[in-house]
Amino acid sequence: METDLRKNPGLLKLDLYCKGAHIDDSLQVTDEGGRPILRTRAGLGSGLEAILPDNLWTNIPVTERFVRHSPYVVRRRDNGEIWIDQGDEPICRITLAPRPTWYDRKTSTGKPMPQVGTLQGTYLGVYPSKVCEYWTEDSPSNCKFCSVGLNLGSDDAEEKRVQEVLEVVAAARDESDITYIDFNTGHYAGETYLDILEPYIKAVKKATGCLIGVQTPPHSDLSRYDRLKEIGVNRVSFCFELFHPEHFEKVCPGKAEKYGLERYLQAVEYNARLGRAGKLDFDPWVSNGEIIAGLEPPEWSIKAIDWITSVGAIPTVCVFRPLKGTDYEHVPPPKLEEMLPVFARQYEACMEQGLPIAVAPNVNVSLVMLPWESRWLVPRSVRRRFALKEAKMAAMRKIFAHRFYATLRRHDAERRAAAAS
Ligand code: SF4
């Protein structure tokens, strides 16, 4: 693996998750056209949205306490360029993720658009319903790393109607060229989360043809996922976070009590099978198992990755970030050396199983290292081993993008015609 940070943006992306960066006084993020630093990130993180070399989108921790010890500084040079330096040594020039024009607008109901949906990398994240009920119980059982319940009334509007979401999606499609929308909910008593999301999904799919993802707790009726597939969902994601049962119970007490780890794993596996069941088509379906690395020993994160990929699902791996105000605000973030084998395994395991990573067009994710990006973290010999598979994947990406963009353009034209009439 290339260890020079100036030549390895993947390594830099990972190290920035672990250490964060200072923003120098020379840089006024919003004056430079960057995105405001919002706390709302599905409870995972907040930070500076930026693009590293090789088009690696990232979200750099800048407000958390651990950043004080970071050697990285983001500076604006006199010529207007923005650089990450390590102390005084220049590492690389970066670009700020552009602030969407629609962030300054309101929906027809008067709600600021970023309170309905926000860009995370290049996709739109929507959290359409009330806050996760683990936060509102008499004795809260929220996940210890989560900040969702802290966001209320600040960065995120509490309830979003279908029409409001449609307006924001249309703006993000027209002005930010989004291709993917991710709907996220927390836990609601009575397993109502899929009932709540379905009207949004149907309306957004019909209006845009975009790829759609859903992240909720695992529903006990697994046939509900067949239905989600029928109405146009392309990705389901289940965040079980920790793979060791005791770690899971300790960090996610609400999830452990109401669902249990086994139910998360069953949902990941069922949906991976569902993806293999149908014929190959251009409305894909993938199952994701999502974990947080840095809250249990790396070997358990690796076990989780191996299990997820063994059932045909794709691992989404977040780096633990001790967000301000959360129960784990004082827990130190993981060290780069601990994270490297985890993310190297993420790439390797996906390639070994021939999973379709990096096929969706223009889906750049700032909050996690994508499996495809983790290829920067393996030795050259490993990349050579998968060269043929990578070439096959690149060909799939091209074919899929061609068909997918034609569908998007058709929907765009119909939507604009309907709006004009
Ligand atoms: S389930 Fe856990 S991580 Fe998700 S919103 Fe609720 S408390 Fe936060």
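## Quick look at the overall build of the protein
Okay, step 1: On a plain count of helices and strands, the protein comes out with eleven helices and 13 strands.
Okay, step 2: Here the C-alpha radius of gyration of the protein, 20 Å, is about what a compact globule of 421 residues would show, namely 22 Å.
Okay, step 3: Each principal axis of the C-alpha atoms in the protein carries an extent, and together these give about 55 × 55 × 45 Å.
Okay, step 4: Expressed as a percentage of its 421 residues, the buried residues of the protein come to 57%.
Okay, step 5: Taking all contacts inside the protein whose residues are at least 6 apart in sequence as the whole, residues at least 24 apart take part in 73%.
Okay, step 6: Within the structure as shown, the protein displays about 17,500 Å² of accessible surface, and the carbon and sulfur contribution to it stands at 52%.
Okay, step 7: Of the side-chain charges in the protein, 55 are positive and 57 negative, and the distance between the mean point of each set is 5 Å.

## Description of the confidence of the model for the protein
Okay, step 1: When pLDDT is averaged along the protein, the result is 92; 95% of the residues meet or exceed 70.
Okay, step 2: Confidence drops under a pLDDT of 50 for residues 40-45, and excluding neighbours within four residues, the segment shows 25 contacts in the predicted structure.

## Thoughts on the environment of arginine 416
Okay, step 1: On the secondary structure map, arginine 416 appears in helix 11 (residues 387-420).
Okay, step 2: On the accessibility criterion, arginine 416 (46% relative accessible area) is partly exposed.
Okay, step 3: In this structure the side chain of arginine 416 is engaged in a polar contact, spanning 3.0 Å, whose partner is the side chain of aspartate 174.

## Some points on the sheet that holds strand 10 (residues 211-215)
Okay, step 1: Pairing within the open sheet is mixed, and its seven strands lie in the order 7-8-9-10-11-12-13. Looking at strand neighbours, the two that pair on one side only are strand 7 (118-120) and strand 13 (314-319), the edges of this open sheet. Strand-to-strand, the axes of this sheet are offset by a mean angle of 30°, without reference to chain direction.
Okay, step 2: By the bridge criterion, six bridges tie strand 12 (residues 286-293) to strand 13 in an arrangement that is parallel. Bridge assignment links asparagine 288 to a residue of strand 13, and that residue is isoleucine 314.
Okay, step 3: Against the sheet, helix 8 (residues 298-310) engages strand 11 (235-241), strand 12 and strand 13, with an angle of about 180° to strand 12.

## Some details on the pattern of salt bridges
Okay, step 1: This structure, assessed with the given rule, holds 33 salt bridges.
Okay, step 2: The partner of aspartate 15 in a salt bridge is lysine 19, with the nearest N and O atoms 2.5 Å apart. You can see aspartate 15 and its partner lysine 19 sitting in helix 1 (residues 9-19), four residues apart, about one turn around the helix.
Okay, step 3: Judged by relative accessible area, lysine 19 falls into the partly exposed class, the value being 29%.

## Digging into the site of the ligand
Okay, step 1: Surrounding the ligand, one finds Tyr127, Cys132, Tyr134, Trp135, Asn142, Cys143, Phe145, Cys146, Val148 and Lys255.
Okay, step 2: Among the residues forming the shell around the ligand, the class breakdown is eight nonpolar, one polar and one charged.

## Quick word on the packing of helix 3 (residues 193-208) against helix 4 (residues 223-230)
Okay, step 1: Taken N-terminus to C-terminus, the directions of helix 3 and helix 4 make an angle of 10°; their axes are 11 Å apart at the nearest point. Judged by the inter-axis angle, helix 3 sits roughly parallel to helix 4. Like other packed secondary-structure pairs, helix 3 and helix 4 cross with a definite hand, here left-handed. Counted together, Leu194, Asp195, Glu198, Ile201 and Lys202 of helix 3 and Arg224, Tyr225, Arg227 and Leu228 of helix 4 form the full contact between these two elements.
Okay, step 2: Grouping the constituent residues of the contact of helix 3 with helix 4 by class yields four nonpolar, no polar and five charged.

## Observations regarding the domain arrangement of the protein
Okay, step 1: Partitioning the protein into structural domains gives domain 1 (9-96) and domain 2 (101-405).
Okay, step 2: Taken together, the contact pairs 33 residues of domain 1 with 42 residues of domain 2.
Okay, step 3: The contact between domain 1 and domain 2 buries some 3,300 Å² in all, and 62% of this surface belongs to carbon and sulfur atoms.
Okay, step 4: Run the count over domain 1 and domain 2 and you get one salt bridge.
Okay, step 5: Salt-bridge contacts for lysine 13 lead to glutamate 373; the nearest nitrogen and oxygen are separated by 2.7 Å.
Okay, step 6: Along the contact surface separating domain 1 from domain 2 lie eleven residue pairs in polar contact (both at pLDDT 80 or more).
Okay, step 7: Of the residues forming the side of domain 1 that touches domain 2, the biggest block, eight residues, is contributed by helix 1.
Okay, step 8: For the side of domain 1 that touches domain 2, the per-class residue count stands at 14 nonpolar, ten polar and nine charged.

## A look at the environment of tyrosine 200
Okay, step 1: Positionally, tyrosine 200 belongs in helix 3.
Okay, step 2: The spacing of tyrosine 200 and tryptophan 135 is 65 residues in sequence and 24 Å in space, taken between C-alpha atoms.
Okay, step 3: Residues contacting tyrosine 200, with those up to four places away along its chain left out, are Pro128, Lys160, Arg161, Val162, Val165 and Phe183.

## Looking at the pairing of strand 4 (residues 72-76)
Okay, step 1: Note: strand 1 (residues 22-23) against strand 4, two bridges, orientation parallel. Considered in strand 4, the bridge of isoleucine 23 is made with valine 74.
Okay, step 2: One ladder, built from five bridges, connects strand 4 with strand 5 (residues 82-86); its direction is antiparallel. Paired with valine 73 across the strands is aspartate 85, a residue of strand 5.
Okay, step 3: What sits between strand 4 and strand 5 in their antiparallel hairpin is a turn of five residues, with glycine 80 showing a positive phi close to 95°.

## Digging into the nonpolar core
Okay, step 1: The biggest cluster of nonpolar side chains holds 125 residues, and the ones touching the most others in it are Leu14, Leu124, Phe183, Leu228 and Phe240.
Okay, step 2: When residues in this core are grouped by element, the largest group, ten residues, is from helix 9 (residues 336-353).
Okay, step 3: Of the domains in this structure, domain 1 (9-96) and domain 2 (101-405) are the two that each give at least three residues to this core.
Okay, step 4: Discounting residues that sit within four places of it in the chain, leucine 14 has contacts with Val319, Leu336, Met339, Leu340, Phe343, Met369 and Leu377.

## Remarks on the pairing of strand 8 (residues 123-126)
Okay, step 1: Alternating positions in strand 8 separate into two faces, Tyr123 and Gly125 on one and Leu124 and Val126 on the other, with burial throughout.
Okay, step 2: Between strand 7 and the antiparallel strand that follows it, strand 8, lie two residues; glycine 121 among them carries a positive phi value of about 70°.

Cut-offs and rules
Residues numbered from 1 in each chain as written. Predicted model: local features only at pLDDT ≥ 70, side-chain atom pairs only at ≥ 80, totals over all residues. Heavy atoms only, no water. Helix = DSSP H or I, 4+ residues; strand = E, 2+ residues; numbered from the N terminus. Rg over C-alpha atoms; globule rule 2.2 N^0.38 Å. Buried < 20%, exposed > 50% of the residue type's maximum accessible area, 1.4 Å probe, protein only. Contact = heavy atoms within 4.5 Å. Areas by Shrake-Rupley, 256 points an atom, 1.4 Å probe, with all protein chains shown as cover. Lys, Arg positive; Asp, Glu negative; His and termini not counted. Charge placed at Lys NZ, Arg CZ, Asp CG, Glu CD. pLDDT = per-residue confidence, 0-100. Polar contact = N/O pair within 3.5 Å; in protein donor to acceptor, adjacent residues only side chain to side chain. Pairing = 2+ DSSP bridges. Axes fitted to C-alpha atoms, helices over the stretch in contact; angles between N-to-C directions. Salt bridge = Lys/Arg side-chain N within 4 Å of Asp/Glu carboxyl O. Near = heavy atom within 4 Å. Nonpolar A, V, L, I, M, F, W, Y, C, P; charged D, E, K, R; others polar. Parallel < 35°, antiparallel > 145°, perpendicular 65-115°, else oblique. Left-handed = near helix turned anticlockwise from the far one by under 90°. Domains from an automatic or database assignment. Buried area = accessible area lost by both parts, 1.4 Å probe. Core = buried A, V, L, I, M, F, W, Y, C linked by side-chain atoms within 4.5 Å.

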